[in-house]
Amino acid sequence: MGRKRPGKDPVEAVAGTGPVAGTYPIDTGTCELVPDSFNPDGWILMINGVHSSHIDLADPRHLDFEYMRWIAALVESRWRPDASLRALHLGAAACSLARYLAAVYPGARQVAVELDGRLAELVRGWFDLPRAPLLRLRVGEARAVTETLHEDSRDLVIRDVFAGAKTPVPLTTAEFTAHVIRVLAPGGIYVVNCGDTPDLRGARAEAATICAAFEYTAAIADPAMLKGRRYGNIILAGSDTPFAEDPSLPRTLLGGAVPAHLWDDAKVRSFAAGSRPLHDGPGEEQPDRQGLSTRPL
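Residues numbered from 1 in each chain as written. Predicted model: local features only at pLDDT ≥ 70, side-chain atom pairs only at ≥ 80, totals over all residues. Heavy atoms only, no water.

Draft legend 1. Here's a closer look at empty space enclosed by the protein. Taken as a whole and judged by the stated rule, the model has 1 cavity of 30 Å³ or more. What lines the largest cavity is simply R159, L171, T172, T177, Y190, E206, T209 and I210. Looking at the lining of the largest cavity element by element, the count peaks at 3 residues for helix α6 (residues 201–213). Of the residues in the lining of the largest cavity, the class split is 3 nonpolar, 3 polar and 2 charged. (1 Å grid on protein atoms, 1.4 Å probe; cavity = no way out; pocket = protein on both sides within 12 Å on 5 of 7 lines; lining within 4 Å. Points joined across faces, edges and corners; volume = space filled by probe spheres on them. Helix = DSSP H or I, 4+ residues; strand = E, 2+ residues; numbered from the N terminus. Nonpolar A, V, L, I, M, F, W, Y, C, P; charged D, E, K, R; others polar.)

What follows is the structure, given as structure tokens:
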């Protein structure tokens, strides 16, 4: 493999070795590749002991994590399969969602940003990921990479980044969100996977941040999570155009293995009421999410 400069050059293609079960050292700790006992073609990627990704080698459209299905449904409600979608994934892991979008949108051009360079190399070797320019893996810190991207260069930005149990604070603030808006083209969508505890303090603060930045917002989660009854994931999204143009989206979300509700802009703003947008800098109180599983679904 050729030399790369972390944070600048995409990960180059490596010879496909195929997945091999085991525990592997990576730059940020260890990862474990585990066969899916319910699916002969499935593999589970764990990072530092936490479930991170699932891959079905036979079917890239199979998303095992429910929150990823919700994101996919939201994306498909906005763009037809013939769209030349330009997507940025902040947080790559096994590239499950990037692989899915490549199957649904053959003309898509995607970049997946992964902090851990060794993990990116392993994933390239294990799984049948699309090659550049269809999918580029870029090693670097998500915010630093986003700040280097050109204005109006992406239609879709998906933030799915966790350091242990938390999303790093610099990726949750109004200042970072402003960089995302600069990168998004008109009609684009910013989607965040927000993991939170039952008190929902973190989700409300992130919703307030997105509401302050975007004209239109949406949220997706199962009813128990939205009512603060358990740990879990809430998908928050912002755009300069409404989300309610596809009437089939609520039905699609309700029809999943874990039925989910779609909140419109008014409900998201009501949910965020009383919370302040998050900002860079010392002295800013950040919601405590200690102990939260990053992939509760």
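Draft legend 2. Summary view of the packing of α6 against helix α9 (residues 265–272). For the pair α6 and α9, interaxial distance at closest approach is 8 Å and the crossing angle is 125 degrees. Classified by the angle between their axes, α6 and α9 sit oblique to one another. For the pair α6 and α9, the sense of crossing is left-handed. In this structure, α6 contributes A203, R204, A207, A208 and C211 to the contact, and α9 contributes V268, R269, F271 and A272. Here the contact of α6 with α9 is composed, by residue class, of 7 nonpolar, no polar and 2 charged. (Axes fitted to C-alpha atoms, helices over the stretch in contact; angles between N-to-C directions. Parallel < 35°, antiparallel > 145°, perpendicular 65-115°, else oblique. Left-handed = near helix turned anticlockwise from the far one by under 90°. Contact = heavy atoms within 4.5 Å.)

These results come straight from atomic positions and should not be treated as a statement about function.
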